Amino acid sequence: TFFIAFLFYRQNGPNCSRRLLQLSTAACYFYGALAKVHPEWWGGHTLYSIVTYNWNLREFWIPLFQWLHLSLPLMAVLSWIVIILEFFLAFGLFFKKTRILSLILGIIIHLGFTVFLSQVEGFSFVMAIGYLSFFFAERKKDSESATNPASNSTTSSESSSMMNPEANADPQSVSVSNTTAASAA
C-alpha cells in the first residue's frame, strides 16, 4: 500500500496518497477484527494457546506466564477486548473526537505486541506509520495560495498599507500629525 500511495502522490493538484494510507490502516484493523469473530477466538482458546504453549511469545515472558496460570475465562475476556479494540481502531481513527484515543489505544496494543510477541516488530512499525496519515493533513489554504496567487486575501496595496498606516491617510491629517510631533520635540 505504501508503494501504491507513493505512486499516486502529487506535489500539486488532488492527492489521494494520504487517503490510501488511511484506508489501508483501517482495513488492517477491520479485517483483523473480522477474522477474529469466530468461537476459537472469542472463546479465548487462541490466546490461551499462545500463552500456554508459548506460540510466538518472547522467551523472556514464558516463565511469568507459566507462573500466572492464566485461565480460559480470562483469555476469553482479553479476546473480546482485542476484537472490540480492533473494530474501534478501524473506525475511530477517522473521526476527530476519537482520533487521539484511537492513537493512544493503538500505540498501547502495538507496544504490547512488540513487548510480548516475537516476529511482529515490523508490523507494529508499519502501523505506526499508518497512524501518521491521520494526523498530518494537507493544508488547503497553503496549497491554494501556492497554485493561485489571486486567492491570497491580502493584495500588495493592502500589505503596504498594513506596513505603513499613514499611506492611505488623508494628507491634511498626516501634515497635522507631523506638525504636532515637531512642536512636541
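Throughout, residues of each chain are indexed from 1 in the direction in which the sequence is written. Totals for whole chains, interfaces and linings use every residue, but because this is a predicted model, local features are given only for residues with pLDDT of at least 70 and side-chain atom pairs only at 80 or more, for both listing and counting. For the side-chain quantities, the full set of heavy atoms in the structure was used; hydrogens and water were omitted.

Asks: Explain the confidence of the model for the protein chain here, please?
Replies: Low pLDDT means the predicted coordinates in that region are not meant to be read closely. Predicted confidence across the protein chain gives a mean pLDDT of 73, with 65% of residues reaching 70 or more. A residue's pLDDT is the confidence the predictor assigns to it, expressed on a 0 to 100 scale. Every helix listed is a DSSP run of H or I at least four residues long, and every strand listed is a run of E at least two residues long, numbered separately from the N terminus. Of all secondary-structure elements in the protein chain, the lowest mean pLDDT belongs to helix H10 (residues 156–163), at 42, while helix H6 (residues 72–92) reaches the highest, 91. Throughout, a residue-residue contact means that at least one pair of heavy atoms, one from each residue, lies within 4.5 Å. Segment residues 151–171 is flagged for pLDDT under 50; beyond a separation of four residues in sequence, or across chains, it makes nine contacts in the model. Contacts from residues 173–185, a stretch scored under 50 in pLDDT, to residues over four places away or in other chains number three contacts.

Asks: What is the right way to look at the nonpolar core in this model?
Replies: Nonpolar side chains in soluble globular proteins tend to end up buried together. Put simply, buried Ala, Val, Leu, Ile, Met, Phe, Trp, Tyr and Cys residues joined by side-chain atoms within 4.5 Å make one nonpolar core. The cut-offs for exposure are 20% and 50% of the maximum accessible area for each residue type, with area from a 1.4 Å probe on protein chains only; residues under the lower value are buried, those over the upper are exposed, and the others partly exposed. Among the nonpolar cores identified, the biggest contains 13 residues, and Leu57 and Phe65 are the most heavily contacted of them. Among the secondary structure elements, those contributing two or more residues to this core are helix H4 (45–52), helix H5 (62–68) and H6. The dominant element in this core, judged by the number of residues it contributes, is H4, at three residues. Apart from the residues lying within four places of it in its own chain, the contact partners of Phe65 are Val51, Leu57, Leu70 and Phe116.

Asks: What's the story with the packing of aromatic side chains in this structure? I'm lost.
Replies: The relative placement of two aromatic rings is captured by the distance of their centres and the angle of their planes. Pairs were defined over the aromatic rings of Phe, Tyr and Trp, the Trp ring being its six-membered one, requiring ring centres within 6.5 Å. Orientation was assigned from the angle between planes: stacked under 30 degrees, edge-to-face over 60, tilted for the rest. Within this structure, the stated rule accounts for six aromatic pairs. Plain terms: the ring middles of Tyr29 and Tyr131 are 6.4 Å apart, the flat faces sit at 5° to each other, and that makes the pair stacked. Taken together, the residues Tyr29 in helix H2 (residues 17–35) and Tyr131 in helix H8 (residues 121–135) connect sequence positions 102 residues apart. The class of Tyr29 is buried, set by a relative accessible area of 4%. Accessibility expressed as a relative area gives 4% for Tyr131, which makes it buried. Between Phe30 and Tyr31, the aromatic rings sit 5.2 Å apart at their centres with planes inclined by 80°, giving edge-to-face as the arrangement. Through pairs of rings, three or more aromatic residues link up here, namely Phe30, Tyr31, Phe87 and Phe91. By the criterion adopted, a ring carries a charge over it if an Arg CZ or a Lys NZ lies within 6 Å of its centre and within 35 degrees of its normal. Sitting over the ring of Trp41, Lys36 keeps its end group 5.2 Å from the ring centre.

Asks: How do you make sense of H4 when you look at a structure like this?
Replies: Working note: α-helix, 3.6 residues per turn, so residues spaced by three or four point in the same direction. Residues of H4 that are buried: Thr46, Leu47, Ser49, Ile50 and Val51. Turning to H4, the residues buried within the fold contact helix H3 (39–42), H5 and H6.

Asks: What's the story with the pattern of salt bridges in this structure? I'm lost.
Replies: Any two side chains of opposite charge can pair, on the condition that their charged atoms come close. One side-chain nitrogen of Lys or Arg within 4 Å of one carboxyl oxygen of Asp or Glu is enough to make a salt bridge. A complete count under the given rule lists one salt bridge for this structure. Between Glu86 and Lys36 there is a salt bridge whose closest N-O contact spans 3.2 Å. Here Glu86, found in helix H6, pairs with Lys36, found in the loop between H2 and H3; they are 50 residues apart in sequence, far enough to count as distant. The residues Glu86 and Lys36 share a single accessibility class, namely buried.

Asks: Looking at this model, I keep getting lost on the side chain of Glu86. Mind explaining?
Replies: Residue Glu86 is classed as buried on the basis of its relative accessible area of 7%. Within polar-contact distance, the side chain of Glu86 engages the side chain of Lys36 at 3.2 Å. The residues contacting Glu86, other than those within four sequence positions of it, are Tyr29, Phe30, Gly32, Ala33 and Lys36. Polar contact is the term for a pair of N or O atoms within 3.5 Å; when the atoms are in protein, one must be able to donate a hydrogen and the other to accept it, and sequence-neighboring residues count only if both atoms are side-chain atoms.

Asks: Whenever I open this one, the packing of H2 against H8 confuses me. Can you help?
Replies: Note on definitions: angles span 0 to 180 degrees between N-to-C directions of axes, and those axes are lines fitted to C-alpha atoms, for helices only across the stretch in contact. The contact between H2 and H8 brings their axes to 8 Å, and the two run at 130°. The pairing of H2 with H8 is recorded here as oblique in orientation. The two elements H2 and H8 cross, and the hand of that crossing is left-handed. Facing Arg18, Leu21, Gln22, Thr25, Cys28 and Tyr29 of H2, the residues of H8 in contact are Met127, Gly130, Tyr131, Ser133 and Phe134. Residue composition of the contact of H2 with H8, by class: six nonpolar, four polar and one charged. For this classification, under 35 degrees means roughly parallel, over 145 means roughly antiparallel, 65 to 115 means roughly perpendicular, and everything else is oblique. Definitions for this section: a left-handed crossing has its near helix turned counterclockwise from the far helix by less than a right angle. A right-handed crossing has that turn clockwise. Three categories are distinguished: nonpolar for Ala, Val, Leu, Ile, Met, Phe, Trp, Tyr, Cys and Pro, charged for Asp, Glu, Lys and Arg, and polar for the others, with Gly belonging to the last.

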